[in-house]
Amino acid sequence: MSAPDQTAPAPDDHPVTATAPTPAARARRARIAAASLLMAAAAVVLALRLASRSSVLVVGVYGLLLILCGGVIELSRRGRTRLGTWLLAAGLAAALFMDGFVLS
């Protein structure tokens, strides 16, 4: 028995190492998820406002919020998560203020 009983592993048998996402990648995904959820919520509120025949200005405010959410998603994809977070918070606060101001 000149040949060993054990064979060498094939080149395809290397274990696949799954690397965990970096904190920056997790932050980007979190901002994208938050902006997507806010976009969906703004779309629902916009539909409700359209059904109740609200002011055109309210429709414009929620339309701008939808555009802002899309911009935040794009900023997060490009790695500008802090800027996106500030814009998302400021845009949400402005939209809620304008909704309350215009409806009253």
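Here the structure is a predicted model, which is why all the values come from computation and not from measurement. (Residues numbered from 1 in each chain as written. Predicted model: local features only at pLDDT ≥ 70, side-chain atom pairs only at ≥ 80, totals over all residues. Heavy atoms only, no water.)

Colleague: Teacher, can you tell me more about the packing of aromatic side chains here?
Modeller: Both the distance between ring centres and the angle between the ring planes are used here to describe each pair of aromatic rings. Within the structure shown, the criterion is met by one aromatic pair. Both rings, one in Phe97 and one in Phe101, keep their centres 5.9 Å apart while their planes meet at 10 degrees; by these two values the pair is stacked. With Phe97 and Phe101 both in helix α3 (residues 81–103), this residue pair falls four residues apart, about one helical turn. Pair check on accessibility: Phe97 and Phe101 agree, each one exposed. (Phe/Tyr/Trp six-rings, centres within 6.5 Å; stacked < 30°, edge-to-face > 60°. Helix = DSSP H or I, 4+ residues; strand = E, 2+ residues; numbered from the N terminus. Buried < 20%, exposed > 50% of the residue type's maximum accessible area, 1.4 Å probe, protein only.)

Colleague: Would you explain helix α1 (residues 23–51) in this entry?
Modeller: An ideal rise of 1.5 Å per residue puts 42 Å on 29 residues; α1 measures up with 42 Å between its terminal C-alpha atoms. Taken together, the buried positions of α1 are occupied by Ala25, Ala27, Ala35, Leu38, Ala42 and Leu46. In the segment just after α1, Arg53 is the residue with positive phi, at about 55 degrees. (Expected span 1.5 Å × (residues − 1).)

Colleague: Before we go on, may I ask you to explain the pattern of salt bridges in this structure?
Modeller: It is possible for side chains bearing opposite charge to pair when their charged atoms get close. Tallied over the full model, the rule gives two salt bridges. Close ionic contact of Arg77 with Glu74 constitutes a salt bridge, the shortest N to O distance being 2.7 Å. Here the residue Arg77 and the residue Glu74 both occupy positions in helix α2 (residues 56–77), the gap between them amounting to three residues, near one helical turn. Of the residues examined, Glu74 reaches a relative accessible area of 29% and is grouped as partly exposed. Residue Glu74 pairs with Arg78 through a salt bridge whose shortest N-O separation is 2.8 Å. (Salt bridge = Lys/Arg side-chain N within 4 Å of Asp/Glu carboxyl O.)

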